[in-house]
Amino acid sequence: MLMKLARLSLFNRRGTVMMTVLSLVISISLLLGIDHLRHEAKHSFTSTVSGTDLIVGARSGQLNLLLYSIFRIGNATANLSWESYQRIQNHPQIAWTIPISLGDSHRGYRVVGTNQDYFQYYRYAGQQQLQLAQGHIFEEVYDTVLGSEVAARLGYQLGEEIVLAHGIGQVSFSEHKDKPFTVVGILAPTGTPVDQSVHVSLEGIEAIHIDWQQGAPMPGRRVSAEQAAEMDLTPKAITAFLVGLNSRAATFMVQRQINEFRGEPLSAILPGVALSELWQMLSMVERLLLVITLLVLLAGLVGMTTTLLASMKERQREIAILRAVGAHPRSLFLLVQLEVLLITLVSLLLAFALLFVALWFGQDVLASRYGLFIGLNPIRASSLQLVGVVIGLSLILGCIPSWLAYRRALTDGLSVRL
Amino acid sequence: MTDKPKKYVIDLKNLQFRWPGKAGWQLQLPNLQLAAGQHLFVRGASGSGKTTLLNLLSGITTPNEGELWLQQQPMHQLSASKRDTLRAQQIGVVFQQLNLIPYLSVLDNVLLVARFAGQPLSASKARASQLLVRLGLTEPMHLNTAAQLSVGQQQRVAIARALLLRPALLIADEPTSALDADNRDAFMQLMLAEANDSGTTVIFVSHDKALRQYFHWYLDMEQLAQGVQAC
């Protein structure tokens, strides 16, 4: 009964009610969206480094090393020499290594120079190995294996030739035009930055830079692709390498030994520790964001309260009629609270829908621009908690107009002040 | 307390009322008894305590002193909640105008009172339709929203609602003031006919002396001490 009244009464005032719902939808979807992104980003980052025990690079901060080697964010400060890599690789506790050489790109996607071990040992999201969707891994110097998104976005098929560019900008003026690469394999989607990488062999990286010096082609010296392929293509340096150990227990020992390596200054980091440092740095920002979105929500709810309060004036007549037919003052309190609840529930539903649609459209952009792989389903324990907070807050604020209705019902009785 | 009155629909003894914080009695009414079917005309200008009397009679407020019995129920002693329920069951109210909730259908407006009185809707629906038709609102109009009706039609829907549960008492507060002369006479006749049919006692408040002709009993708010007089 009261439900029907609340529903029809809201429908009767649909103009203002719709604006109220709109403002609530915006603030609620903001709140839920930020919460969702926060969780998904953490999940996405953590799953990317699931199988790696140590990451080794030239001496630098652990965050920097983690970000450029795994997430392709930012740049390496320095390289480490091939000899050092070879020596550390032979450490008895080390089970496998994956060398990584960065610095080139293809139409905004980063090129990763590596070897076959990458496809054998790299693990993501638990214990999952990289899978080829088509073709095979690189064998020749000028072979390349594309991440799933690179292939899908740029529409590449097996057998196509692509040109790598020097540097990592979206637009590059110095391209390795003389030494094109052939697509021989395309990886299955992983939901990690691997999807946005162009993988070539370390020899390929060496070959395209053989006639370069200081980041520019050497004037007067041209080495053709065929000539280069015949030369000694042992890399002189790599950017970083990932390490898998025989036993997790040896992690700290190996880390210390690498950090104290005499040949050159190196850093070995634990990805998990580096990630938690990242979360710590971000936790302030996170909390600030959460507070801001909660304040936006509060503003939306205050807006709703204001609208309902304003409507109470024109509803004096309604209150008098309901009193005359025997409604208790508490029924009127309930009626207004029901309206609050209806507005809030409709807003929540629409906010979830909006969020879903926004994620559906934004997923690709987030993945390609920021390497964040975001799931579409925004419903989780924490979002349900937030739903509880939203409903609780709205009912608390709803008490103001509801109480006014209650007072009116008691004092005005059957008379209506027009 | 005194003995329980037996036969009166409304029985009122030494009623006194004042608004909290104000000096002097706003309303003093020594004696008023109405038996079933005895309709009363109350005349009073605004400010004469008319609204107070209506709020007291309908149980919205309680007297500071005195007794007010409705159908042998002591309204001056019952809790607010019980008075609300009693009002839904035993009292019909028709206002000056805008009696209906504009966004509800005509039929739903009439059925409101059944819902708050806790009566099954199925039983009330047939009577609601009958009443509306007798009051000149054809079946197709019952599903229109109240806002689509003319003022005269709205007042007749209000009568249907007030009489739906065959209450003991119908309180009408200047229900004809928004109507023209022709409509007014038709309204008065329909209202009294239906009230008689339902066995309901009418208390009719108006400043319009011309309407006195429809009633046998008369109370002047400016001369309350004289009590009820025959017309």
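Everything below is about the structure shown above.
Please read these numbers as outputs of a predicted model, since none were measured by experiment. (Residues numbered from 1 in each chain as written. Chains lettered and ligands numbered in written order. Predicted model: local features only at pLDDT ≥ 70, side-chain atom pairs only at ≥ 80, totals over all residues. Heavy atoms only, no water.)

Residue and element names in this part refer to chain A. Burial within strand 4 (residues 109-114) is extensive, with six of its six residues counted as buried. Pairing between strand 3 (residues 94-106) and strand 4: four bridges, direction antiparallel. Opposite Ser105, over in strand 4, you have Arg110 as the bridge partner. Between the end of strand 3 and the start of strand 4, which pair antiparallel, lie two residues, with Arg107 showing a positive phi angle near 45°. Across five bridges, strand 4 lies against strand 12 (residues 197-201) in parallel orientation. In the strand pairing of strand 12, Val112 is matched with His199. (Buried < 20%, exposed > 50% of the residue type's maximum accessible area, 1.4 Å probe, protein only. Helix = DSSP H or I, 4+ residues; strand = E, 2+ residues; numbered from the N terminus. Pairing = 2+ DSSP bridges.)

This next bit is on the environment of Asp232(A). Residue and element names in this part refer to chain A. Among the structural elements, Asp232 can be located in the loop between helix 8 (225-230) and strand 15 (237-238). Taking the C-alpha atoms as reference, Asp232 lies 9.9 Å from Ile210; in sequence the two are 22 residues apart. Of the polar contacts made by the side chain of Asp232, one reaches the side chain of Thr234; its length is 2.8 Å. (Polar contact = N/O pair within 3.5 Å; in protein donor to acceptor, adjacent residues only side chain to side chain.)

Okay, empty space enclosed by the protein next. Residue and element names in this part refer to chain B. According to the stated counting rule, one finds four cavities of 30 Å³ or more in the structure shown. For the largest cavity, the calculated volume is near 80 Å³. What lines the largest cavity is a set of 13 residues, among which Ile91, Gly92, Val113, Arg161 and Ala162 lie closest to the centre. Looking at the lining of the largest cavity, the elements with two or more residues in it are helix 2 (80-90), strand 6 (91-94) and helix 5 (151-163). (1 Å grid on protein atoms, 1.4 Å probe; cavity = no way out; pocket = protein on both sides within 12 Å on 5 of 7 lines; lining within 4 Å. Points joined across faces, edges and corners; volume = space filled by probe spheres on them.)

Between side chains of opposite charge, a pair can form as their charged atoms come close. Residue and element names in this part refer to chain A. Enumeration over the complete set of coordinates arrives at 21 salt bridges over all chains. We note a salt bridge from Glu206 to Lys236, for which the minimum N-O separation is 2.9 Å. Taken together, the residues span a long stretch of sequence, with Glu206 in helix 7 (residues 202-208) and Lys236 in the loop between helix 8 and strand 15 at a distance of 30 residues. A relative accessible area of 14% places Glu206 in the buried class. Of the residues examined, Lys236 reaches a relative accessible area of 60% and is grouped as exposed. Three or more residues are tied together by salt bridges with common partners; here these are Arg13, Arg315, Glu318 and Glu339. (Salt bridge = Lys/Arg side-chain N within 4 Å of Asp/Glu carboxyl O.)

On to the sheet that holds strand 4 (residues 65-70) of chain B. Residue and element names in this part refer to chain B. As summarised here, the arrangement of the four strands in space is 2-1-4-5, forming an open sheet in which the pairing is antiparallel. Of all strands in the sheet, those bounded by a partner on one side alone are strand 2 (27-35) and strand 5 (73-74). The pairing of strand 4 with strand 5 spans two bridges and is classified as antiparallel. When the sheet's bridge partners are listed, Leu70 is paired in strand 5 with Gln73.

All we've got here are geometric facts, nothing functional implied.
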